[in-house]
Amino acid sequence: MTMFTPVESLLGGALIGLAAAWMWLSLGRVAGVSAIIGVASRAEIDWRMPFLGGLVAAPLVLASSGMEIVWQTPPIGWGLLIIGGLLVGFGTRLGSGCTSGHGVCGVARLSPRSIVATMVFMLTAAIVVYVQRHLGAGGL
Amino acid sequence: MRALAGLIGGLIFGAGLTISGMINPLKVQAFLDVAGNWDPSLAFVMGGAIPVAALGFAIGRRRRAPLLSQGFSGPTKHALDAKLLGGAAIFGIGWGLTGYCPGPALASVGHGAPETLVFVAAMLVGMAGFRLLLRAG
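### Structural notes on the nonpolar core
Okay, step 1: Phe51 and Leu55 of chain A together with Phe13, Leu17, Trp95, Leu106 and Phe119 of chain B are the most contacted members of the largest nonpolar core, which totals 59 residues.
Okay, step 2: Split by domain, this core shows at least three residues from each of two domains, domain 1 (1-74) and domain 2 (78-137) of chain B.
Okay, step 3: When residues no more than four places from it in sequence are discounted, the contact partners of Phe13 of chain B are Ile16, Ala19, Ala31, Val33, Phe51, Leu55 and Ser100 of chain A.

### Some details on the packing of helix H6 (residues 112-134) of chain A against helix H4 (residues 82-98) of chain B
Between two packed helices, the angle of one axis relative to the other and the distance separating the axes together describe the packing.
Okay, step 1: Following both chains from N to C, one finds H6 of chain A and H4 of chain B inclined at 35°, their axes separated by 7 Å at the closest point. Two packed elements cross with a definite hand, and for H6 of chain A against H4 of chain B that hand is right-handed. Seen from H6 of chain A, the contacting residues are Arg113, Val116, Ala117, Val120, Phe121, Met122, Thr124, Ala125, Val128, Val129 and Gln132 of chain A; seen from H4 of chain B, they are Leu84, Leu85, Ala88, Ala89, Phe91, Gly92, Ile93, Trp95, Gly96 and Leu97 of chain B.
Okay, step 2: Tallied by class, the residues present in the contact of H6 of chain A with H4 of chain B amount to 16 nonpolar, four polar and one charged.

### Considering the interface of chain A and chain B
Okay, step 1: Contact with chain A, which involves 105 residues of that partner, is made by 104 residues of chain B.
Okay, step 2: Taking both partners together, chain A and chain B bury about 9,300 Å²; carbon and sulfur atoms supply 78% of that area.
Okay, step 3: Looking only at chain A, the three residues that lose the most surface to chain B are Trp24, Leu25 and Arg113 of chain A, adding up to 8% of its buried area.
Okay, step 4: The interface formed by chain A and chain B holds four salt bridges in total.

### Quick word on the pattern of salt bridges
Okay, step 1: Summed over all chains, the structure comprises six salt bridges over all chains.
Okay, step 2: Note that Arg2 of chain B is salt-bridged to Asp46 of chain A, the shortest N-O span being 2.5 Å. With Arg2 of chain B in helix H1 (residues 2-20) and Asp46 of chain A in helix H3 (residues 45-64), this residue pair bridges two chains.
Okay, step 3: Asp39 of chain B serves as the salt-bridge partner of Lys27 of chain B, at 2.8 Å between the closest nitrogen and oxygen. Of this pair, Lys27 of chain B sits in helix H2 (residues 25-32) while Asp39 of chain B is found in the loop between H2 and helix H3 (41-61), placing the two residues 12 residues apart along the sequence.
Okay, step 4: Judged by its relative accessible area of 6%, Lys27 of chain B is buried.

### Observations concerning the environment of Trp71 of chain A
Okay, step 1: Locating Trp71 of chain A in the fold gives a position in the loop between H3 and helix H4 (78-94).
Okay, step 2: The exposure class of Trp71 of chain A is partly exposed, given its relative accessible area of 24%.
Okay, step 3: When the C-alpha positions of Trp71 of chain A and Leu52 of chain A are compared, they lie 19 Å apart, and in sequence the two are 19 residues distant.
Okay, step 4: The residues contacting Trp71 of chain A, other than those within four sequence positions of it, are Pro59 of chain A together with Ile23, Ala107, Ser108 and His111 of chain B.
Okay, step 5: Within polar-contact distance, the side chain of Trp71 of chain A engages the side chain of His111 of chain B at 3.5 Å.

### Thoughts on the domain arrangement of chain B
All names here are of chain B.
Okay, step 1: Domains assigned within chain B are domain 1 (1-74) and domain 2 (78-137).
Okay, step 2: Once you take the C-alpha centre of each, domain 1 and domain 2 turn out to be 18 Å apart.
Okay, step 3: Each side of the interface is counted separately: domain 1 has seven residues, and domain 2 has 11 residues.
Okay, step 4: Considering only the surface of domain 1 that becomes buried against domain 2, Ile23, Pro25 and Gln29 emerge as the three largest contributors, covering 46% of it.
Okay, step 5: One can count zero salt bridges joining domain 1 with domain 2.

Conventions used here
Residues numbered from 1 in each chain as written. Chains lettered and ligands numbered in written order. Predicted model: local features only at pLDDT ≥ 70, side-chain atom pairs only at ≥ 80, totals over all residues. Heavy atoms only, no water. Core = buried A, V, L, I, M, F, W, Y, C linked by side-chain atoms within 4.5 Å. Buried < 20%, exposed > 50% of the residue type's maximum accessible area, 1.4 Å probe, protein only. Domains from an automatic or database assignment. Contact = heavy atoms within 4.5 Å. Axes fitted to C-alpha atoms, helices over the stretch in contact; angles between N-to-C directions. Helix = DSSP H or I, 4+ residues; strand = E, 2+ residues; numbered from the N terminus. Left-handed = near helix turned anticlockwise from the far one by under 90°. Nonpolar A, V, L, I, M, F, W, Y, C, P; charged D, E, K, R; others polar. Buried area = accessible area lost by both parts, 1.4 Å probe. Salt bridge = Lys/Arg side-chain N within 4 Å of Asp/Glu carboxyl O. Polar contact = N/O pair within 3.5 Å; in protein donor to acceptor, adjacent residues only side chain to side chain.

Written as structure tokens, this is what we have:
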């Protein structure tokens, strides 16, 4: 169980939106994390690597400036953790996006593809959590 | 300049993920757990992110080019095809299972928990697997 944090979540969300707006207006690129990390070619590596560096550094910068960060890890076994990682990696590339590219940028652009993709991944994710937590498949 | 723009974007994005609570996989799962002790916080994350991003895209429509690139380079696909639906469904299963999506997982790498590192490694393997499949055609 986690605490409901409407103010922090709204504020943090606005920052995510600001980052998406910044990437579009400065570089003309969509801030979709799965695409930024998953495109193998060296194309546009000039901004992709610094973006990923900033993403990794941000929580450390906040922590060193005194913010208390709740670090949790998925409450499942190693096997399922690896399967989950494989599915997230493969699925986001096959479906051309994740929560940032489809869920924030695509929905903000009113892209039908992104709106449908966001509904689909929210639905399958909610089903999995339901099975995990309410059908006695706790290890799942 | 493009590197600096990328760095700034990543920093703001990562700060947003951290402050909003998205980097906590338990919080993500609590949002997905509509039948249990539902934590609606993540709806507020989207509620904060989408209007601000939409404003950015609206400003972009009035400009011929972004500040630091030749032109805007947005998504080009329009079809609601099986790849999109299947990919989203597969991603959702992994997301529900772990509570991690790519952004928050990467943003958590600096903390160095073995679970995070293993997840990110598996995610990269999954992405590489997709590329191999694409090449095999």
